[in-house]
Protein chains: 2
Amino acid sequence: MTPLYDVLVRCICTSHRRTCTTYSWQVAAEKLTRETVVERALDLADREGLDAVTIRRLAGELGVTPMALYWHVKNKDELLLAMADHAIDLVAARSRPGEPWDVRLRAMVEALVDAMRRYPCLPVLLGHVDKTRAESFRRATDTALDVLAEAGFTLAEGYLIASHLLVGVAELVKNIPAVPAGMTDAEAAECARQARLRLEMLPADRYPNLVAYAPALTAPPDPDAYLAFGLDLLLSGVEAQAARLADPAQPRYGTTP
Amino acid sequence: MTPLYDVLVRCICTSHRRTCTTYSWQVAAEKLTRETVVERALDLADREGLDAVTIRRLAGELGVTPMALYWHVKNKDELLLAMADHAIDLVAARSRPGEPWDVRLRAMVEALVDAMRRYPCLPVLLGHVDKTRAESFRRATDTALDVLAEAGFTLAEGYLIASHLLVGVAELVKNIPAVPAGMTDAEAAECARQARLRLEMLPADRYPNLVAYAPALTAPPDPDAYLAFGLDLLLSGVEAQAARLADPAQPRYGTTP
DNA sequence: ACCTGAACACCGTTCAAGT
DNA sequence: ACCTGAACACCGTTCAAGT
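Residues numbered from 1 in each chain as written. Chains lettered and ligands numbered in written order. Predicted model: local features only at pLDDT ≥ 70, side-chain atom pairs only at ≥ 80, totals over all residues. Heavy atoms only, no water.

**Quick look at the interface of chain B and chain A**
Then, in step 1: With 47 residues of chain B in contact, the opposing surface of chain A contributes 47 residues.
Then, in step 2: For the pair chain B and chain A, the number of links is 6 salt bridges.
Then, in step 3: Only α8 (135-150), α9 (155-174), α11 (208-213) and α12 (223-245) of chain B provide two or more residues apiece to the side of chain B that touches chain A.
Then, in step 4: Tallying contributions element by element places α12 of chain B first for the side of chain B that touches chain A, with 14 residues.
Then, in step 5: A class-by-class count of the residues in the side of chain B that touches chain A yields 25 nonpolar, 10 polar and 12 charged. (Contact = heavy atoms within 4.5 Å. Salt bridge = Lys/Arg side-chain N within 4 Å of Asp/Glu carboxyl O. Helix = DSSP H or I, 4+ residues; strand = E, 2+ residues; numbered from the N terminus. Nonpolar A, V, L, I, M, F, W, Y, C, P; charged D, E, K, R; others polar.)

As structure tokens, this is what we get:
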């Protein structure tokens, strides 16, 4: 542990690294960074579900020892937070000032939908992080509060609406009716048939509506009509409240700014 | 390991047990049942959060070996499912046939709110179970579909609305502004002050609305106004859609029954 | 029928040590 | 600065065995 030894080792190390990076088999092990850790974690979660994202498993995927990750990320909670932060990053940007509040709000919600379709793990990921600690959530929430204030809502009301829209969109995208990626038409049909049978096997006297719903499951899914209806449902609630609260006699939640 | 030894041990044991049950310190170990397992798990989750519900931890709480639980419950997933099932049990019952659809729907939603306030772990628990596998969910969904069909929705629309209301209420109750149980007024005030400071410490140029929202946090929380606004928001969306879809020219999601 | 004990393959995380 | 190795205290679950 003399300085000389230290310097010597350091030299060997850097020169070793310099030569190695020229070989292709070393490219994968090419100096870990926090960004690649987070992106690889998102990738893993999208492919195999959030449960597959494990410090040890992720480390294996990156060709590195589990404890190596702790250099780039404080702990698993921070990893999940960084994943959500990274996935939601583009949402705040898509508000268009100048437009009326309802089209601005719809644009934001559609940006949310896009983010969740781009990162399928995002809806369930949202349930595992403290949203107030993520930077991109704060940005998105702040611009949402801006839009909603323009609609006449108090800040407290706007805050509630913002988180309501967030989980509403998450639930919507989670249940989006689509053939799972990498499934042939035949497999998808078989899948739908089994889902239908599961419903039809229920006792019809106790669950008449669920049983009646079963045939609809064999029809080809229509994600666009589904999303259109879901988004209208979410947004029309906000619009209805905005209209109702335009009457100053109505009781409010929170003080008007 | 002779038969004689076997019988001998058995005698000692049963007589031991028979005497023991007369002592009060043995009452807790009084024959485990699936119901007490589930209820104890709910209790544990309510007190210390869902993460505290662990097979081993729960077994310890029940004064029993971890593997004993596997006799009453197939695995942890089934335990979580049974917990949700038990907590949501009373909801379907609270629909009042004869009333118009919107008051029936509101009654169901309010029953949901009650269940979630009774079992604080329920909102997060819902994120960890497959709702289609729980009996009381199916019952509640079926009666909801009944109510929503009366409102003119298709079954597909009704199904979407039902799950939308479920997660909407869950999010609402999760964020309910109330002084946490077992906290003095002084502690609650300190808690609010810190929440306010956390917001006010944010850079005001990037998050102007969040910073402006901070002072509202020091005001005493008003759970009733919060819930009233949240429920109105949820339900007015459904009502607005019902009104819009009364026009037969409007596009629909799913076929009308 | 109901419960225990030992064992297996997994976790997240710490801490000292290497290079 | 960045990564490894060994260790700790925890998981869920199986399987054979006890009573």
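**Concerning the relation of the copies chain B and chain A**
Then, in step 1: For the match of chain B to chain A, the screw axis carries a shift of 0.0 Å, the RMSD comes to 0.0 Å, and the turn is 180°. Here the transformation between the copies is reduced to the relation of a two-fold axis. When C-alpha positions in chain B are compared against the rotation axis, the closest is assigned to Gly237 of chain B, at 1.7 Å.
Then, in step 2: Of all interface residues in chain B, 100% are interface residues in chain A too; the two copies therefore contact each other through one and the same surface. (Least-squares fit on C-alpha atoms with pLDDT ≥ 70 in both.)

**Observations regarding helix α2 (residues 34-48) of chain A**
Residues and elements named next belong to chain A.
Then, in step 1: Taking 1.5 Å of rise per residue, the 15 residues of α2 would be expected to cover 21 Å, and the 21 Å separating its terminal C-alpha atoms lies within 8% of that figure.
Then, in step 2: Those residues of α2 lying buried are Val37, Val38, Ala41, Leu42, Leu44 and Ala45. One side of α2 holds all its buried residues, which, seen down the axis, span an arc of 165°.
Then, in step 3: On the buried face of α2, the contacting elements are α3 (55-61), α4 (69-72), α5 (76-87) and α7 (122-126).
Then, in step 4: Gly49 lies just past α2 and shows a positive phi near 90°. (Expected span 1.5 Å × (residues − 1). Buried < 20%, exposed > 50% of the residue type's maximum accessible area, 1.4 Å probe, protein only. Arc of directions from axis to C-beta.)

**Brief notes about the pattern of salt bridges**
For side chains bearing opposite charge, pairing can occur when the charged atoms are close.
Then, in step 1: This structure, assessed with the given rule, holds 30 salt bridges over all chains.
Then, in step 2: Between Arg57 of chain B and Glu48 of chain B there is a salt bridge, with its nearest N and O atoms 2.7 Å apart.
Then, in step 3: Residue Glu110 of chain B pairs with Arg106 of chain B through a salt bridge whose shortest N-O separation is 3.8 Å. Pair noted here: Glu110 of chain B and Arg106 of chain B are both in helix α6 (residues 101-118), with a separation of 4 residues, about one helical turn.
Then, in step 4: A relative accessible area of 30% means that Glu110 of chain B is categorised as partly exposed.
Then, in step 5: Each of the salt bridges in this network shares a partner with another, and the network as a whole consists of Asp43, Arg47, Glu48, Arg57 and Glu61 of chain A.

**A look at helix α9 (residues 155-174) of chain A**
Then, in step 1: Helix length check: α9 of chain A, at 20 residues, gives a terminal C-alpha distance of 28 Å against a target of 28 Å (1.5 Å per residue), a fit within 8%.
Then, in step 2: Burial analysis of α9 of chain A places 18 of its 20 residues in the buried class, which makes it a mostly covered element.

**Here's the deal with the packing of aromatic side chains**
Then, in step 1: Taken as a whole and assessed by the stated rule, the structure comprises 6 aromatic pairs over all chains.
Then, in step 2: Between the aromatic rings of Phe229 of chain A and Phe153 of chain B, the centroid separation amounts to 6.3 Å while the plane-to-plane angle is 75°, which identifies the pairing as edge-to-face. Of the two residues, Phe229 of chain A is situated in helix α12 (residues 223-245) and Phe153 of chain B in the loop between α8 and α9; the pairing between them involves two chains.
Then, in step 3: Note that Arg118 of chain B overlies the ring of Tyr119 of chain B, its terminal NZ or CZ placed 4.1 Å from the centroid. (Phe/Tyr/Trp six-rings, centres within 6.5 Å; stacked < 30°, edge-to-face > 60°. Lys NZ or Arg CZ within 6 Å of the ring centre and 35° of its normal.)

**Topic: the domain arrangement of chain A**
Accessible area lost during the coming together of the parts is what is often quoted as the interface size.
Residues and elements named next belong to chain A.
Then, in step 1: Splitting chain A by domain gives domain 1 (29-86), domain 2 (90-178 + 221-245) and domain 3 (185-218).
Then, in step 2: Computed from C-alpha coordinates alone, the two centres of domain 1 and domain 2 are separated by 27 Å.
Then, in step 3: Contacts between domain 1 and domain 2 engage 10 residues on the former and 15 residues on the latter.
Then, in step 4: Interface area, domain 1 with domain 2, both sides summed: about 1,200 Å², of which 69% is carbon and sulfur.
Then, in step 5: Sorting the residues of domain 1 by area buried against domain 2 places Asp46, Leu81 and Asp85 first, and these three jointly supply 44% of that buried surface.
Then, in step 6: Our enumeration of links across domain 1 and domain 2 arrives at 0 salt bridges.
Then, in step 7: Counting across the interface, domain 1 meets domain 2 through 3 residue pairs in polar contact (both at pLDDT 80 or more).
Then, in step 8: Listed by contribution, the elements that provide at least two residues to the side of domain 1 that touches domain 2 are α2 and α5. (Domains from an automatic or database assignment. Buried area = accessible area lost by both parts, 1.4 Å probe. Polar contact = N/O pair within 3.5 Å; in protein donor to acceptor, adjacent residues only side chain to side chain.)

**A word on the nonpolar core**
Then, in step 1: Ranked by internal contacts, the top residues of the largest apolar core, which has 158 residues, are Met83 and Leu125 of chain A together with Met83 and Leu125 of chain B.
Then, in step 2: Among residues more than four places away in sequence, those in contact with Met83 of chain A are Val38, Ala41, Leu42, Ala45, Leu50, Val53 and Leu125 of chain A. (Core = buried A, V, L, I, M, F, W, Y, C linked by side-chain atoms within 4.5 Å.)

**Points about the UniProt feature "domain: HTH tetR-type" (unreviewed entry) in chain A**
Then, in step 1: When the UniProt feature table is mapped onto this chain numbering, "domain: HTH tetR-type" (unreviewed entry) sits at residues 31-91 of chain A.
Then, in step 2: The span residues 31-91 of chain A is 62% helical and 0% strand by assignment, and the distance between its end C-alpha atoms comes to 30 Å. (UniProt positions renumbered as here; feature names shortened; annotations may be inferred.)

**Points about the UniProt feature "DNA-binding region" (unreviewed entry) in chain A**
Then, in step 1: Here, the residues flagged by UniProt with the feature "DNA-binding region" (unreviewed entry) are residues 54-73 of chain A.
Then, in step 2: Helix makes up 55% of residues 54-73 of chain A and strand makes up 0%, while its end C-alpha atoms are separated by 13 Å.

**Topic: the environment of Arg206 of chain B**
Then, in step 1: In this fold, Arg206 of chain B is placed in the loop between α10 (185-200) and α11.
Then, in step 2: In this view, Arg206 of chain B contacts Glu135, Arg139 and Asp142 of chain A; residues no more than four positions away in its chain are not counted.
Then, in step 3: A polar contact of 2.5 Å, which involves the side chain of Arg206 of chain B, links it to the side chain of Glu135 of chain A.

**Some points on the packing of helix α6 (residues 101-118) of chain A against helix α8 (residues 135-150) of chain A**
Residues and elements named next belong to chain A.
Then, in step 1: Viewed as axis vectors pointing N to C, α6 and α8 meet at an angle of 155°, and their least axial separation amounts to 9 Å. With respect to their mutual orientation, α6 and α8 come out roughly antiparallel. The two elements α6 and α8 cross, and the hand of that crossing is left-handed. Side by side, α6 and α8 meet where Trp101, Arg104, Leu105 and Met108 of the first sit next to Ala140, Thr143, Ala144, Asp146, Val147, Leu148 and Glu150 of the second.
Then, in step 2: Here the residues of the contact of α6 with α8 are counted per class, giving 7 nonpolar, 1 polar and 3 charged. (Axes fitted to C-alpha atoms, helices over the stretch in contact; angles between N-to-C directions. Parallel < 35°, antiparallel > 145°, perpendicular 65-115°, else oblique. Left-handed = near helix turned anticlockwise from the far one by under 90°.)

**Structural notes on the environment of Gln194 of chain A**
Residue and element names in this part refer to chain A.
Then, in step 1: Structurally, the position occupied by Gln194 is in helix α10 (residues 185-200).
Then, in step 2: Of the residues examined, Gln194 reaches a relative accessible area of 40% and is grouped as partly exposed.
Then, in step 3: Remark: the alpha-carbon pair of Gln194 and Thr218, spanning 24 residues in sequence, is separated by 9.4 Å.

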